[in-house]
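# Examining the three-dimensional arrangement
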Amino acid sequence: MRLLTNVRTATKLLVSSAITTLLLVAVGYVGVRNSAQQAEAIANLQQRELRGIAAVKQASILLSYMNAEVGRALLAADTAEASYHAQNVTAFDEEFRTTIARADSTVVDSSSQSRMAEVRKGYPEFLATTQRALGERLAGNVEAARGTATEAGAVGQALVDMMAEVATAKEVLGEQAFTTSSAAANSARKLLLTLVAIGALLTIWLGVFVSRLITVPLGQTVSVLESVAAGDLNREVAVVGKDEMARMGRALNVAISAQRAALQKAEEAGAEARQRAA
């Protein structure tokens, strides 16, 4: 800042305006960037959890559909109708595998990952038992098919219960993530307000500093001029720097010195004249 004493007054004003503008731009940039990051983080968290919950619930529904198709196959009037329901189970199986993979990609906590691992491990048993029940029904062994279907239903219900736990856990995680993101947004807002306050204080301090670079030398010059006007030629301006104020001070000091020297010569000439007259 001491370098500012060596530059022109217009340059001082331009520099102070540029610094103030940079401070405002920096504060605005930080605020916009933080707000955008928080909004993106909240959106990503919500989308991930919502997608996961939807996928887990859809997988549970598909298991229920498969159990229902087995039940319809057992109640079918003939083999053709039973075969139709068996084909539906195959279609639901393919959709279930795709859906459970999509749900897996959104699971991040260890407890839910463990539950999903149990679902993936238990599903082949459920599918094999279901297919055995359908095979027995298509072979005409309805009683055996009913027993096997009951076994498959129990396995399927266990899988549904585990996926319900995952869905509940994801709902809790979603709420926690939203709460955490909201807290982070509040922190970012407080940071922005702090930066705004600091920027305002720096702007005020810079304005005061630059104004003092102009007003203090000007005030000293005015004070010396008033003293000269009152007949005091012994005061001079304390010159610092090379700006207009310093140049004006030096010029005034030169003028005072010249006036003081001229006055001294006049006094000496008057004294000599009086001596010769005496």
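Above: the structure in question.
## A word on the nonpolar core
Core analysis: the biggest nonpolar cluster contains 34 residues, and L63, M66, F96, I100, Y123, F126 and M163 have the highest contact counts within it. Put simply, the parts of the chain that give this core at least two residues each are helix 1 (9–75), helix 2 (79–104), helix 3 (110–138) and helix 4 (142–229).

## Some remarks on the side chain of E69
Tracing the sequence through the fold places E69 in helix 1. Side chain to side chain, E69 and N88 meet in a polar contact 3.1 Å long. When sequence neighbours within four positions are dropped, the list of residues in contact with E69 reads H85, N88, V89 and F92.

## Structural notes on helix 5 (residues 244–277)
With 34 residues, helix 5 should cover 50 Å at 1.5 Å per step; its first-to-last C-alpha distance of 49 Å lies within 8% of that length. Here the buried face of helix 5 lies against helix 4.

## Topic: the packing of aromatic side chains
Centre distance and the angle of the planes are the two values used to describe a pair of aromatic rings. In this structure the tally under the stated criterion is three aromatic pairs. Between the aromatic rings of Y123 and F126, the centroid separation amounts to 6.0 Å while the plane-to-plane angle is 40 degrees, which identifies the pairing as tilted. One end of the pair, Y123, and the other, F126, are both in helix 3, three residues apart, so they sit about a helical turn from each other. Neither Y123 nor F126 differs from the other in exposure class; each is buried. In this structure an aromatic cluster arises from ring pairing among F96, Y123 and F126.

Conventions and cut-offs
Residues numbered from 1 in each chain as written. Predicted model: local features only at pLDDT ≥ 70, side-chain atom pairs only at ≥ 80, totals over all residues. Heavy atoms only, no water. Core = buried A, V, L, I, M, F, W, Y, C linked by side-chain atoms within 4.5 Å. Buried < 20%, exposed > 50% of the residue type's maximum accessible area, 1.4 Å probe, protein only. Helix = DSSP H or I, 4+ residues; strand = E, 2+ residues; numbered from the N terminus. Polar contact = N/O pair within 3.5 Å; in protein donor to acceptor, adjacent residues only side chain to side chain. Contact = heavy atoms within 4.5 Å. Expected span 1.5 Å × (residues − 1). Phe/Tyr/Trp six-rings, centres within 6.5 Å; stacked < 30°, edge-to-face > 60°.

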